[in-house]
Amino acid sequence: MLSAEALKKIDREIAKYPSDQKQSAVMSALAIAQDEKGWLATETMDFVAQYLDMPPIAVYEVATFYNMYNLQPAGKYKVTVCTNLPCALSGGNQAADYLKQKLGIDFNETTADGKFTLKEGECMGACGDAPVMLVNNKQMCSFMTNDQIDRLLEELDK
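Definitions and limits used
Residues numbered from 1 in each chain as written. Predicted model: local features only at pLDDT ≥ 70, side-chain atom pairs only at ≥ 80, totals over all residues. Heavy atoms only, no water. Helix = DSSP H or I, 4+ residues; strand = E, 2+ residues; numbered from the N terminus. Contact = heavy atoms within 4.5 Å. Lys, Arg positive; Asp, Glu negative; His and termini not counted. Charge placed at Lys NZ, Arg CZ, Asp CG, Glu CD. Disulfide = S-S within 2.5 Å. Buried < 20%, exposed > 50% of the residue type's maximum accessible area, 1.4 Å probe, protein only. Polar contact = N/O pair within 3.5 Å; in protein donor to acceptor, adjacent residues only side chain to side chain. Phe/Tyr/Trp six-rings, centres within 6.5 Å; stacked < 30°, edge-to-face > 60°. Expected span 1.5 Å × (residues − 1). Pairing = 2+ DSSP bridges. Axes fitted to C-alpha atoms, helices over the stretch in contact; angles between N-to-C directions.

*Asks:* If you had to explain the overall build of the protein chain to someone new, which residues and values would you point to?
*Replies:* Along the backbone of the protein chain there are seven helices and five strands. Ordered by position from the N terminus, the helices and strands of the protein chain form the series α-α-α-α-β-α-α-β-β-β-β-α. For the protein chain, the spread of C-alpha atoms along the principal axes amounts to about 50 × 35 × 25 Å. Long-range pairs, those at least 24 residues apart, make up 57% of the contacts in the protein chain with a sequence separation of at least 6. Of the charged side chains in the protein chain, 15 are positive and 22 negative, and the gap between their average positions amounts to 6 Å.

*Asks:* Before we move on, can you summarise the state of the cysteines with the specific residues and values?
*Replies:* Inspection of every chain in the model, using the stated rule, returns zero disulfides. There is no disulfide at cysteine 87, and the cysteine sulfur nearest it, in cysteine 82, is 3.5 Å away. Looking at the unpaired cysteine 127, the closest cysteine sulfur is the one in cysteine 123, lying at 4.0 Å.

*Asks:* Describe the side chain of threonine 83, listing the residues and the values that go with them.
*Replies:* Along the chain, the position of threonine 83 falls in the loop between β1 (77-82) and α5 (85-89). Classification of threonine 83 by relative accessible area gives buried; the value is 14%. Within the structure, threonine 83 has its side chain in polar contact with the side chain of glutamate 120 (distance 2.6 Å). Beyond its immediate chain neighbours, meaning those up to four positions away, threonine 83 contacts Ala88, Gly92, Asn93, Ala96, Phe107, Glu120 and Gly121.

*Asks:* So, the packing of aromatic side chains: which residues are in play, and what are the values?
*Replies:* Applying the stated rule across the entire model yields three aromatic pairs. Here the aromatic rings of phenylalanine 47 and tyrosine 51 are separated by 5.9 Å at their centres, their planes lie at 20°, and the arrangement is stacked. In this pair, phenylalanine 47 and tyrosine 51 both sit in helix α3 (residues 42-51), four residues apart, roughly one turn of the helix. Ring geometry for tyrosine 77 versus phenylalanine 116: centroids 5.8 Å apart, planes at 35°, classification tilted. With tyrosine 77 in strand β1 and phenylalanine 116 in strand β3 (residues 116-121), this pair connects stretches of sequence that are 39 residues apart.

*Asks:* Any details on helix α6 (residues 92-103)? Residues and values, ideally.
*Replies:* Along its 12 residues, α6 runs 16 Å from first to last C-alpha, staying within 8% of the 16 Å computed at 1.5 Å per residue. Contact partners of the buried residues in α6: β1, α5, β3, β4 (133-135) and α7 (146-156). Note on α6: the residue one or two positions beyond its end, glycine 104, has a positive phi of about 75°.

*Asks:* I'd like a rundown of α3, residues and numbers included.
*Replies:* Along α3, the residues that are buried comprise Thr44, Met45, Phe47, Val48 and Ala49. Taken together, the buried residues of α3 touch α1 (4-14), α2 (26-37) and α4 (56-65). Downstream of α3 by a residue or two, aspartate 53 has a phi angle that is positive, lying close to 55°.

*Asks:* Residue-level account of the sheet that holds β4, with values.
*Replies:* Read across the sheet, five strands follow the order β2-β3-β1-β4-β5 without closing on themselves; strand pairing throughout is mixed. If you trace the sheet from one side to the other, it starts and ends with β2 (109-110) and β5 (139-141), each paired once. In this sheet, β5 lies alongside β4 in antiparallel orientation, the contact comprising three bridges. Its bridge partner being in β5, valine 135 is matched across the sheet by glutamine 139. The strands touched by α6 within the sheet are β1, β3 and β4, with β1 carrying the most contacts at an inclination of about 150°. Here α7 sits on the sheet in contact with β1, β3, β4 and β5, set at roughly 5° to β4.

Just distances and angles here, no functional claims.
Put into structure tokens, the structure is as follows:
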């Protein structure tokens, strides 16, 4: 289901916890699986559950609670815009509207070419840098004006 390399990474995460608590690595294991597969199909989550000796429902609970996990195929670039109150008051909603117009999609949609998926996010812990966006759950983008959004999209579209 997952490559030997992915399993090695999961094993390194499991080793960080007491041997009887390997389920504590579930978030890391899901992130590793998603990085390899692109999204978390039920079969992938079931595999993670079996690998960590936990009930599948416990893995589903984690995967459905956090918006960093893709439960359906997503574009090559998942752009998550913080629209929580501090960001909204500092231009987050305007940045989201600009992205929607620029990409021609709404939240939870993917562009026809499969490059971009747009998501609405909750607090990303960088309220002072609003408006804030997260690309593929890994690259934080701060103070996103329309010009900066244009530059980001151009760079990602290369």
